[in-house]
Amino acid sequence: GAVVSQHPSRVICKSGTSVKIECRSLDFQATTMFWYRQFPKQSLMLMATSNEGSKATYEQGVEKDKFLINHASLTLSTLTVTSAHPEDSSFYICSARDSGQPQHFGDGTRLSIL
Amino acid sequence: AQSVAQPEDQVNVAEGNPLTVKCTYSVSGNPYLFWYVQYPNRGLQFLLKYITGDNLVKGSYGFEAEFNKSQTSFHLKKPSALVSDSALYFCAVRDRYSSASKIIFGSGTRLSIRP
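Scope of this entry: the structure provided in the associated data block. Because the structure is predicted, anything quoted here is derived from the model rather than measured. (Residues numbered from 1 in each chain as written. Chains lettered and ligands numbered in written order. Predicted model: local features only at pLDDT ≥ 70, side-chain atom pairs only at ≥ 80, totals over all residues. Heavy atoms only, no water.)

## A short note on unusual backbone geometry
Alright, step 1. Omega for the peptide link from His7(A) to Pro8(A) comes to 0°, which places this bond in the cis form.
Alright, step 2. Positionally, Pro8(A) belongs in the loop between β1 (4–7) and β2 (10–13).
Alright, step 3. One non-glycine residue, Ser83(A), lies in the positive phi region at around 45°.
Alright, step 4. For Ser83(A), the location among the structural elements is in the loop between β8 (76–81) and β9 (90–97).
Alright, step 5. Classification of Ser83(A) by relative accessible area gives partly exposed; the value is 32%.
Alright, step 6. Here the phi dihedral of Tyr61(B) falls at roughly 60°; this positive angle occurs in a residue that is not glycine.
Alright, step 7. As for its placement among the helices and strands, Tyr61(B) is situated in the loop between β7 (56–58) and β8 (64–68). (Helix = DSSP H or I, 4+ residues; strand = E, 2+ residues; numbered from the N terminus. Buried < 20%, exposed > 50% of the residue type's maximum accessible area, 1.4 Å probe, protein only.)

## What to know about the interface of chain A and chain B
Alright, step 1. Taken together, the 19 residues of chain A in the interface contact 19 residues of chain B.
Alright, step 2. For the pair chain A and chain B, the two sides together bury roughly 1500 Å², of which 50% comes from carbon and sulfur.
Alright, step 3. Linking chain A with chain B are one salt bridge, by the criterion used here.
Alright, step 4. The residue Arg42(B) makes a salt bridge to Asp107(A) at a minimum N-O spacing of 3.2 Å.
Alright, step 5. Taken together, the connections running from chain A to chain B amount to six residue pairs in polar contact (both at pLDDT 80 or more).
Alright, step 6. Put simply, the parts of the chain that give the side of chain A that touches chain B at least two residues each are β4 (32–38), β5 (44–51) and β9 of chain A. (Contact = heavy atoms within 4.5 Å. Buried area = accessible area lost by both parts, 1.4 Å probe. Salt bridge = Lys/Arg side-chain N within 4 Å of Asp/Glu carboxyl O. Polar contact = N/O pair within 3.5 Å; in protein donor to acceptor, adjacent residues only side chain to side chain.)

## Some points on empty space enclosed by the protein
Alright, step 1. By the definition in use, this model includes one cavity of 30 Å³ or more.
Alright, step 2. Of the voids in this model, the largest cavity is the one considered here, and its volume is about 40 Å³.
Alright, step 3. In this structure, the largest cavity is lined by Gly100(A), Gln101(A), Pro102(A), Tyr32(B), Phe34(B), Lys49(B), Ile51(B) and Arg94(B).
Alright, step 4. Taken together, the residues of the lining of the largest cavity break down into four nonpolar, two polar and two charged. (1 Å grid on protein atoms, 1.4 Å probe; cavity = no way out; pocket = protein on both sides within 12 Å on 5 of 7 lines; lining within 4 Å. Points joined across faces, edges and corners; volume = space filled by probe spheres on them. Nonpolar A, V, L, I, M, F, W, Y, C, P; charged D, E, K, R; others polar.)

## Section: the sheet that holds β1(A)
Note: strands within a sheet are paired through backbone hydrogen bonds, in either parallel or antiparallel orientation.
All names here are of chain A.
Alright, step 1. Taken in spatial order, the four strands line up as β1-β3-β8-β7 in an open sheet, and their pairing is antiparallel. Of all strands in the sheet, those bounded by a partner on one side alone are β1 and β7 (67–73). Here the average twist between neighbouring strands, direction ignored, is 15°.
Alright, step 2. Note that β1 and strand β3 (residues 19–25) share four bridges and pair antiparallel. Bridge pairing in β3 links His7 to Glu22. (Pairing = 2+ DSSP bridges. Axes fitted to C-alpha atoms, helices over the stretch in contact; angles between N-to-C directions.)

## Considerations on the nonpolar core
Residue and element names in this part refer to chain B.
Alright, step 1. With 27 residues, the main nonpolar core has Leu19, Trp35, Leu47, Leu48, Phe74, Leu76 and Tyr89 as its most contacted residues.
Alright, step 2. A per-element tally of this core places strand β10 (residues 87–94) first, with four residues.
Alright, step 3. Those residues in contact with Phe74 that lie beyond four places of it in its chain are Cys23, Leu33, Phe34, Trp35, Leu48, Lys49, Tyr50, Val57, Ala65, Glu66 and Phe67. (Core = buried A, V, L, I, M, F, W, Y, C linked by side-chain atoms within 4.5 Å.)

## Things to note about the state of the cysteines
Alright, step 1. Enumeration according to the criterion identifies two disulfides over all chains in this entry.
Alright, step 2. Put simply, Cys23(A) and Cys94(A) are joined by a disulfide, and their sulfur atoms are 2.0 Å apart. Residues Cys23(A) and Cys94(A) share a disulfide whose torsion about the S-S bond is about 75°; that sign makes it right-handed. Pair noted here: Cys23(A) is in strand β3 and Cys94(A) is in strand β9, with a separation of 71 residues, a long-range link. The pair formed by Cys23(A) and Cys94(A) is uniform in burial state, with each residue classed as buried.
Alright, step 3. Linked covalently through their sulfurs, Cys23(B) and Cys91(B) form a disulfide whose S-S length is 2.0 Å. Since a negative S-S torsion denotes a left-handed disulfide, the Cys23(B)-Cys91(B) link at about -65° is left-handed. With Cys23(B) in the loop between β3 (19–21) and β4 (24–26) and Cys91(B) in strand β10, the pair connects residues that are 68 residues apart, well separated along the chain. Across the pair, Cys91(B) and Cys23(B) agree in class, each one buried.
Alright, step 4. No disulfide involves Cys13(A); its nearest neighbouring cysteine sulfur is the one of Cys94(A), lying 18 Å away. (Disulfide = S-S within 2.5 Å.)

What follows is the structure in structure tokens.
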């Protein structure tokens with residue numbers, strides 16, 4: 001089945017650091033990629049949607065300058081958390097979808113900012 | 001506005017017994033419906049989807065879901081629960097007529113299967 005690889009699985013870093021998370025679709029072309037944030041015991045909160053070669057569309061309340069998304073190819077999207085602070089600590093999950101197909105999810109990245 | 005409701009935060013079932021995880025939706029038109037499962041510190045795994053046709057959809061790991069249009073429900077079921085089924089389950093919907101539409105998740109139901 002379709003596989004989405006997300007890397008790294010866990011990041012621990014100091015406040016003020018920028019962190020990049022990669023999301024790759026391994027066996028299909030991801031025309032659309034999604035980035036979610038999940039707080040403990042809560043559902044997934046969509047942060048942004050990106051289509052290959054286009055600027056990402058951010059959900060209301062998500063700072064686009066804080067969470068930089070690049071979807072440069074049909075198999076790779078990156079999320080960069082710039083100047084991360086402790087309140088950015090969370091579980092970030094990417095998802096990828098080819099047109100007309102179900103979304104497939106990465107295994108998530110647990111980000112801890114000290 | 002589109003929404004998905006999972007009325008139960010937690011469902012507890014004894015191993016070997018049937019299980020049901022409830023989901024109702026409020027979406028205009030005929031949406032795509034999905035169930036996903038999430039294990040600790042992992043992303044979501046696709047279980048099954050309803051697009052059209054037979055109201056009973058069979059998915060991975062022995063799970064199935066029944067689409068009921070009149071009740072706008074899409075409950076997840078399994079005839080005989082396993083301890084390994086313990087996880088967090090999400091119901092989700094997406095507008096079928098817009099390729100750019102977002103998937104909307106329910107709040108999740110934690111399924112706990114006791115030995």
